[in-house]
Each structure stands twice: as C-alpha cells, then as structure tokens.
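The lines below spell out each chain.
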Amino acid sequence: MASPKIVLYTNRLCPWAHRAHIALKELGLDFEEVTIDLDTPREPWYLEINPRGLVPTLSYNGTIIPESAIVTQLLADAHPSHLLPASNSPEGAIQRARISFFVDTFGSKVLPHFFSTIRSASAEERQTNTKALVAAIEKEIEPLLYPAGAGAGPFFRGSEKLTLAEALTGSFVLRLLSLSKPEYGLIPAEVSALLEKRTPGFSRWSKAVVQHDSVNYIYDEDKVGKRTVQRYGGGAKH
Ligand SMILES: N[C@@H](CCC(=O)N[C@@H](CS)C(=O)NCC(=O)O)C(=O)O
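Within every chain, residues take consecutive numbers counted from 1 along the sequence as written. Where totals are concerned, whole chains, interfaces and linings use all residues; where local detail is concerned, this predicted model gives features only for residues with pLDDT of at least 70, and gives and counts side-chain atom pairs only at 80 or more. Water and hydrogen atoms play no part in the side-chain values, which are based on all heavy atoms of the structure.

As annotated in an unreviewed UniProt entry, the chain carries the name GST N-terminal domain-containing protein and comes from Aspergillus nanangensis.

Spelled out as structure tokens, the structure:
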C-alpha cells in the first residue's frame, strides 16, 4: 500500500488532539502537522475544513475527518496493528467492543470528575471532587483493566503493547498524574497515594501508560500545567 498523505490539524496542548498524535506515532505514520492557534478566532480556511473549528481534524488522502475518537479509530482501522484487531472474527469483534466500552466508561464516568476537580472553586470543593474521581476510577475502571484470565502485560486487559484503549485515554491519564504536583494546585497531591491504595490495577496501568513514548512524546507538562492554572486557577490560590 502506498503511504497515505496525512495532514493533522492540531494543537499539542489539546488532550483530544493528543489522541491522534499517539496513534500516528504508534503506527509509525508520516504526517504533516498544522498547528491551529486556539487563542484566536479560527480563520475562515480552517472553518471550511472543520466548521466546528475544533482540533483535531485529519486529512487522509484528501478526505477530511473531524473528532478525535473518529480520527484515531480511522488511523487504527486503516493501518492494522496491535492497537486494534480487525472486526472480521468473533475474538476481534469482542476485543473491539471491550475497548469501546472501556473508552466510553472512562469518558462518561471518570472524565467529568477529572474536569470538576481541576475547575474547583475552593480547596474544600477540590477535596470533594477528588474523592469522587478516585471512587469512579475504583468502581468503573479498576474491574475492566486486568480481569481474571487477562494477559500479563501492563496495558488494557494485560496486553504487552499499547492498544486503542490507551491511545484514546492516555492524554488524560498523563494530565491526571502530572497535574497533581503541588506546584499546580489543580489536583491534591494525595491522589497518587489514594489511587495506589484503592486501585492497584489503575496505578500499574497508568504508570505504564505515561511512561510510553507514543503517549508522552508531545506532552509539555510545564506548558499544559501553566495554561490549566491560568484558565481555571490552581489550589495554591485558595
Ligand atoms: N469532541 C472534540 C473535542 C475537541 C476539542 O474540544 N478541542 C478543543 C481544544 S482541546 C478546541 O478545538 N477548542 C477550540 C474552541 O473551542 O474554540 C474531539 O474529540 O475532537
């Protein structure tokens, strides 16, 4: 297959766009990166490409695909790999369903608590939101990561290699772990000890995720941390 012509319209500080970067790196695909300035109104040429004005958007051999989950899945589907099995066998279809359920659970049950925590208006509110965040990870995510009979690897369901589950959640896991450093004041530092104690599976998985080169190679913690504090205010202020 000839190499596709891929253009990614992105901004490296955006966790949604970050999903596409993880898949592109893991698949070893060459692409052109076009950075969209998110601090100024979108220019008309970009709104023609993506009328929603959001990043990421992918141009894949000239076909425009918006929305991070769809972009990332398209890359995984078009370039079969360890990220995602094909759907033309029952085992492959089941693994795909499991990954979809995991990503759906992470997005609907965990992310809302993550965002409420970093946007908390007071130290008390931050503590309450953090407790809810840890409780959601314990109840919803912990049982899905390494169920009985799963493999021995560190990734989703014991995979030795990164999967689409990590490509779609890794950017948020990076933020969850790194923004709990005291200098940002966004997530109480005790969160790591709490997770270690209550969610050993998540602790193991999240450490492997953030150490993976495909996940962390574009992450600029200092920039993301400062920007998040600027936007939402860190706990140090309260
Ligand atoms: N559902 C979208 C969300 C993407 C998104 O919210 N991107 C933000 C940056 S992190 C954006 O483009 N914001 C621009 C704006 O709101 O003007 C996706 O998954 O691709």
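Following the structure, the description resumes.
Packing of helix α4 (residues 90-118) against helix α6 (residues 164-178) brings their axes to within 9 Å, and their N-to-C directions diverge by 15°. As the angle between them shows, α4 and α6 are arranged roughly parallel. As for the relative orientation of α4 and α6, their crossing is left-handed in sense. Contacts between α4 and α6 pair Ile99, Phe102, Val103, Phe106, Leu111, Phe114 and Phe115 from the former with Leu164, Ala165, Leu168, Thr169, Phe172, Val173, Arg175 and Leu176 from the latter. Each residue gets one label: Ala, Val, Leu, Ile, Met, Phe, Trp, Tyr, Cys and Pro are nonpolar, Asp, Glu, Lys and Arg are charged, and the others, such as Gly, are polar. Tallied by class, the residues present in the contact of α4 with α6 amount to 13 nonpolar, 1 polar and 1 charged. In this description, a line fitted to the C-alpha atoms serves as the axis of each element, helices being fitted only across the stretch in contact, and the angle between N-to-C directions of two axes falls anywhere from 0 to 180 degrees. Note on conventions: DSSP H or I runs of at least 4 residues are helices, E runs of at least 2 residues are strands, and numbering of each starts at the N terminus. Any angle that is under 35 degrees is reported as roughly parallel, and any over 145 degrees as roughly antiparallel; angles of 65 to 115 degrees are reported as roughly perpendicular and all others as oblique. By definition, any crossing whose near helix is turned counterclockwise from its far helix by less than a right angle is left-handed, and any crossing with a clockwise turn is right-handed. The contact criterion used is simple: two residues touch if any of their non-hydrogen atoms lie within 4.5 Å.

The next subject is the site of the ligand. All residues adjacent to the ligand are Cys14, Trp16, Leu38, Arg42, Leu54, Val55, Pro56, Glu67 and Ser68. Polar contact is defined as a pair of N or O atoms within 3.5 Å, subject to the rule that within protein one atom must be able to donate a hydrogen and the other to accept it, and that residues adjacent in sequence are counted only when both atoms are side-chain atoms. One of the side-chain nitrogen or oxygen atoms of Arg42 is found 2.9 Å away from an oxygen atom of the ligand. Glu67 is positioned with one of its side-chain polar atoms (N or O) 2.8 Å from a nitrogen atom of the ligand. Note that accessible areas follow from Shrake-Rupley with a 1.4 Å probe, and for residues the cover is restricted to the protein chains shown. Taken by itself the ligand offers 510 Å² of open surface, and the protein chains cover 67% of this. Here the residues of the shell around the ligand are counted per class, giving 6 nonpolar, 1 polar and 2 charged. Nearness here has a simple test: a residue counts as near a molecule or strand if at least one of its heavy atoms is within 4 Å of that partner.

For the rest of this paragraph, the subject is the domain arrangement of the chain. As far as domains go, the chain holds domain 1 (6-78) and domain 2 (90-237). Measuring from the centre of the C-alpha atoms in domain 1 to the corresponding centre in domain 2 gives 22 Å. Contacts between the two partners involve 19 residues from domain 1, matched on the other side by 23 residues from domain 2. Throughout, buried area stands for the accessible area (probe radius 1.4 Å) lost by two parts on being put together, summed over both. Around 1900 Å² of area is buried between domain 1 and domain 2 when both sides are counted, 61% of it from carbon and sulfur atoms. Summed over the three residues of domain 1 that lose the most area to domain 2, namely Leu13, His18 and Ile22, the buried surface amounts to 32% of that side. For this analysis, a salt bridge means a side-chain nitrogen from Lys or Arg found within 4 Å of a carboxyl oxygen belonging to Asp or Glu. Viewed at the interface, domain 2 and domain 1 are joined by 3 salt bridges. Between Arg227 and Asp39 there is a salt bridge; the shortest N-O distance is 3.1 Å. Taken together, the links from domain 1 to domain 2 amount to 8 residue pairs in polar contact (both at pLDDT 80 or more). How far each domain reaches was decided by an automatic or database domain assignment.

On to the side chain of Ser178, then. Examined against the element boundaries, Ser178 turns out to sit in helix α6. At 2.8 Å, the side chain of Ser178 forms a polar contact with the side chain of Tyr219.

Right, let's talk about unusual backbone geometry for a bit. Following Val55, the chain continues to Pro56 via a peptide bond in cis, the omega torsion being 5°. Residue placement: Pro56 occurs in the loop between α2 (44-49) and β3 (57-60). Its identity is not glycine, yet Asn61 carries a phi of approximately 50°, on the positive side. With respect to the helices, strands and loops of the structure, Asn61 is situated in the loop between β3 and β4 (63-66).

Taken as a whole and assessed by the stated rule, the structure comprises 11 salt bridges. Across the pair Arg12 and Glu33 runs a salt bridge, and its minimum N-O distance is 2.7 Å. Linking Arg12 in the loop between β1 (6-10) and α1 (15-27) with Glu33 in strand β2 (residues 32-35), this pair joins segments that are 21 residues apart in sequence. Two residues, Asp77 and Arg96, come together in a salt bridge whose shortest N-O distance is 2.9 Å. Separated by 19 residues along the polypeptide, Asp77 in helix α3 (residues 68-78) and Arg96 in helix α4 bring together distant segments of the chain.

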